[in-house]
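# Close look at the chain arrangement
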Amino acid sequence: MENLLYLIFTISLASLAFAGYLARSVLQKDTGNKQMQEIAAAIKEGAEAFLRRQNKTIGLLSLVLALIIFLFYKTSTSENVTTLGSNQLQVALRITISFLIGAACSLIAGYTGMFVSIRANIRAAAAAGRSLNEALQVALRGGAVSGLFVVAMSLLGVGGLFYLFDGLKDPKSIPGQIVGFAFGASFVALFAQLGGGIFTKAADVGADLVGKIEVGIPEDDPRNPAVIADLVGDNVGDCAGRGADLFESTAAENIGAMILGVALFGVYGIGGILFPLLARAFGLIATIVGVMVVRTKGNEDPMSALNRGYYVTTVLAMIGFYVAVWKLLNNNLWFFFAGVIGILTALAFVFITQYYTDYKYRPVKSIAEASLTGPATNIIAGLAVGFECTGMPVMVISAAIWGAYYCGVRALPGVEGAGLYGTAVATMGMLAPCAYILAMDTFGPITDNAGGIVEMSHASEEIRARTDRLDAVGNTTKALTKGYAIGSAALAAFLLFSAYIDEVKKITHDKVFAVDLTRVEVFIGALIGATLCFVFSALAIRAVGKAAFYVINEVRRQFKENPGIMKGTSKPDYGRCVDIVTTGALKEMVAPGLLAVGVPVLTGLLFKYLGGPGRPGAEAVAALLMVGTIGGILLANVMNNGGGAWDNAKKFIESGQYGGKGSDAHKAAVVGDTVGDPFKDTAGPSLHVLIKLLSTITLVLAPLFL
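This write-up is about the structure you can find in this document. (Residues numbered from 1 in each chain as written. Predicted model: local features only at pLDDT ≥ 70, side-chain atom pairs only at ≥ 80, totals over all residues. Heavy atoms only, no water.)

In total, this model carries 26 aromatic pairs according to the counting rule given. Summarising the aromatic geometry, the rings of Tyr6 and Tyr163 are spaced 6.1 Å apart at their centres and angled 55° between planes, so their arrangement reads as tilted. Of this pair, Tyr6 sits in helix H1 (residues 2-27) while Tyr163 is found in helix H4 (residues 132-164), placing the two residues 157 residues apart along the sequence. Aromatic side chains Phe72 and Tyr73 sit 4.8 Å apart centroid to centroid with 70° between the ring planes, which places their arrangement in the edge-to-face category. Judged by its relative accessible area of 16%, Phe72 is buried. Grouped by ring-pair contacts, the aromatic residues Tyr322, Trp334, Phe336, Phe337, Trp402 and Tyr406 constitute a single cluster. The ring of Phe115 is capped by Arg119, whose NZ or CZ atom sits 3.7 Å from the centre of that ring. (Phe/Tyr/Trp six-rings, centres within 6.5 Å; stacked < 30°, edge-to-face > 60°. Helix = DSSP H or I, 4+ residues; strand = E, 2+ residues; numbered from the N terminus. Buried < 20%, exposed > 50% of the residue type's maximum accessible area, 1.4 Å probe, protein only. Lys NZ or Arg CZ within 6 Å of the ring centre and 35° of its normal.)

Let us now look at the packing of helix H6 (residues 179-214) against helix H7 (residues 227-262). Where H6 contacts H7, the two axes come as close as 7 Å, and the packing angle between them is 160°. As summarised for this structure, H6 and H7 are arranged roughly antiparallel, according to the angle between their axes. Between H6 and H7 lies a crossing whose hand is left-handed. (Axes fitted to C-alpha atoms, helices over the stretch in contact; angles between N-to-C directions. Parallel < 35°, antiparallel > 145°, perpendicular 65-115°, else oblique. Left-handed = near helix turned anticlockwise from the far one by under 90°.)

This part is about the pattern of salt bridges. Applying the stated criterion across every chain yields a total of 25 salt bridges. We note a salt bridge from Glu554 to Arg557, for which the minimum N-O separation is 2.6 Å. Of this pair, Glu554 and Arg557 both sit in helix H18 (residues 520-561), three residues apart, which is roughly one turn of that helix. The class for Glu554 is buried, based on a relative accessible area of 6%. On the basis of relative accessible area, Arg557 is assigned to the partly exposed category, the value being 34%. (Salt bridge = Lys/Arg side-chain N within 4 Å of Asp/Glu carboxyl O.)

The subject of this paragraph is the side chain of Arg466. Turning to its location among the elements, Arg466 is positioned in helix H17 (residues 461-508). Under the relative-accessibility criterion, Arg466 is labelled buried at 17%. With sequence-adjacent residues up to four places away left out, Arg466 is seen in contact with Ala128, Gly129, Arg130, Ser131 and Leu132. (Contact = heavy atoms within 4.5 Å.)

Everything listed here is a matter of coordinates, which is why it stays silent on function.
Below you can see the structure in the form of structure tokens.
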């Protein structure tokens, strides 16, 4: 098993080296003309300045929380803490160190994705001047740096802590001690996604409402003072934020599966605990091959080329999954079938998200058609699509959980925990192509920025047409990544909820721990969990509105006080808009973030001391976690897919349908897109981070509620 860990580390390090190779090959590309370089430099400067200030804020919050965690475990007189290890100081140190390393790795993962994206954008723009295929490959390979780096860092972090804490000697206790790594990653990811999401959408809304509607200039027009802030936002939200998001996804799900693997220690030994890490490592190899096969010929749809790479990644990941089952789970094919269910679930979510957000299909076309009669009908149609799109994902998730559980039961008949381990294996399967999915996500902001650079540098219509095609595909890839993240969050939430129940049973030595919704305390906990999702979303959306208010006023002021901007004789003050959005985003991200952390803790403590007999604190938190997860999944689907559909309805009209750019239908679609912006890029993505944060915080603090 020590050699197996070395294999996992070797694959992870090789993936990091390959990510370095991709970064070098992208950075060696042509950077275009001087005007393009000036625009790209402004984007780079704004993005790095924001991320430095955001990371400083998140770092301070993480240190405070780490101190609280350490003091809780070190000073607790409860016997519950000793179930994680006989040495209380050692347990406190290990959980705290795990938390800090998880937080640091999450920050690094987010920064790495953005570092490459703000340098790949100009190279993709310059490549578009030569061919669509070259621009496609530059953008995807730039995105793949982030995807490979995030998953490899997660593997090294979890596997490294397991090894350093002597997990090979004490494999049953260590997964519970390294759960702090997942909590640290989730904590950082929530603030990174919130801060980046608020920034990007406040700038986008401000730029669109004044630029497109009030003064009638095109998107990414260099005369718009908010256009640089808008392009900066694409990177800090969709690259840094999403990188941290998927980093914490892989970390939390790896550790959750390892905890459930402890229940099967008598059957598979340490193999059942290390299986998630080996399966994830093979997914990295599959991603490398998938990225390298992507190319498009002539006038082929770029989405078809990206899909081919995804299919190659999926097939190879499935082969790797079989090898992991053969090696560690005694070639039990029922567990392989559970993994296949997870992989097919990921594929289903990609197709469902494409259906609801791509303008080839009925939902987006219906919103575009509704725009003919004004903004009100556009918004009505968009909300209808958002609510409708919850149906198919829930059916897919339900079938996946049921099927995977059944596979686990059939794999080991009569063995307690086998069914739950089946769902854990399915979650591993769904996350097998995670690195490729993240590459497609980062592809979106790179192509979006490339289009903005081309527009602002007054490149030819032919080049702009190429970047427009890639930008439209990028909108779809960003939407399907969010759909994929929701699906993985749903499976992972069930996995982590099961891990929480398992942890409580281990602490209390109870054979059964039931969550009884007929108990008053438990029902209230469930109600709080559902409400948390809505209040959290409200704060996130309101934060966008507040920051956008200041951006809009600033853009109007500049147009009014400097008429030369519209004439093209004066240059707008881009830096002022970037500063305004940076200050607003960092200020507004704190309240929803602290709400997400504080509510489950306060709920558990309240009912621990004021509840009735039994274990009301732990039960109330379990209900909050369960119902909050369900509410969060549904609400995130509405926001992500609804917002993506609004965005591409606008793009569909801009392609020449229903009057094209500047028409009344286009103005109505811009309003709808503005409503959808904070849905799909701020509240929606933050919700699936919230779901996993609830799971990890309850796992770390489970002894506190008993």
